[in-house]
Amino acid sequence: MSFLLPKLSSKKEVDQAIKSTAEKVLVLRFGRDEDPVCLQLDDILSKTSSDLSKMATIYLVDVDQTPVYTHYFDISYIPSTVFFFNGQHMKVDYGSPDHTKFVGSFKTKQDFIDLIEVIYRGAMRGKLIVQSPIDPKNIPKYDLLYQDI
């Protein structure tokens, strides 16, 4: 399903998407097209993109083609999903130490829809961090990797 969603293949394209997406949540899925978990997430994203078109714009970003952002967001697990609103990085408290991105695939379409709605409403009220509406048992668990410490 990843072929149904637009792709950003350079830093310049990602920069442009961040700057130009206004009054909507910008969803950037960092990963690889051939990864099975990325494909599972892409299926959820593509099936919800039309329902969320008034609230969100979704792009796929290949981690190998955008190393600057891969390093900046410390993407060591794929897929990782990052959210912006009016050029501002939106953080979400998932109950994990990392609020900057969602790692893994959403369990259901409804989890993703609920998250976008919460981010959108929070951003419209000026918040930069929101509480995740996703049931904690539906959030993938992973260990943070600290390199060079």
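Here the residue numbers are simple positions, counted from 1 along each chain's written sequence. For this predicted model, a pLDDT threshold of at least 70 governs which residues receive local features, and a threshold of 80 or more governs which side-chain atom pairs are given and counted, while totals over whole chains, interfaces and linings are taken from all residues. Note: side-chain values were computed over all heavy atoms of the structure, leaving out hydrogens and water.

Caption draft 1: Region of the structure containing the side chain of Lys 101. The way it works is that DSSP assigns letters per residue, a run of H or I at least four long becomes a helix, a run of E at least two long becomes a strand, and they are numbered from the N terminus. Along the chain, Lys 101 falls in the loop between β5 (88–93) and β6 (102–103). What makes Lys 101 buried here is its relative accessible area of 6%. Any N or O atom pair separated by 3.5 Å or less is treated as a polar contact, with the protein-specific requirement of one donor-capable and one acceptor-capable atom, and with residues adjacent in sequence counted only for side-chain atom pairs. Within the structure, Lys 101 has its side chain in polar contact with the backbone oxygen of Phe 73 (distance 3.0 Å). Polar side-chain contacts of Lys 101 include one of 3.4 Å to the backbone oxygen of Asp 74. Lys 101 has contacts with Phe 73, Asp 74, Ile 75, Ser 80, Thr 81, Val 82 and Tyr 94, leaving out every residue within four places of it along the chain. Between buried and exposed lies partly exposed: a residue is buried under 20% and exposed over 50% of the maximum accessible area for its type, with that area taken using a 1.4 Å probe on protein chains only. Whether two residues touch is decided by their heavy atoms; if any such pair falls within 4.5 Å, the residues are in contact.

Caption draft 2: Representation of the nonpolar core in the model. Among the buried residues, those of types Ala, Val, Leu, Ile, Met, Phe, Trp, Tyr and Cys that are joined through side-chain atoms within 4.5 Å form a nonpolar core. Val 25, Phe 83, Phe 106, Phe 112 and Ile 116 are the most contacted members of the largest nonpolar core, which has 28 residues in total. Mapped onto this core, the elements with two or more residues apiece are β2 (25–31), α2 (36–49), β3 (56–62), β4 (80–85), β5 and α4 (109–124). The element contributing the most residues to this core is α4, with 7 residues. What Phe 106 contacts, discounting residues up to four positions off in sequence, is Gln 40, Leu 41, Ile 44, Thr 81, Phe 83, Asp 111, Phe 112, Leu 115 and Ile 134. Counting residues in each nonpolar core, the second largest holds 15 residues, with Val 14, Leu 28, Val 61 and Ile 75 among its members.

Caption draft 3: Quick look at unusual backbone geometry. The residue after Ile 78, namely Pro 79, is reached through a cis peptide bond having omega -5°. Secondary-structure assignment places Pro 79 in the loop between α3 (67–72) and β4. Backbone geometry at Asn 86 places phi at a positive 50°, although glycine is not the residue there. Looking at the secondary structure, you find Asn 86 in the loop between β4 and β5.

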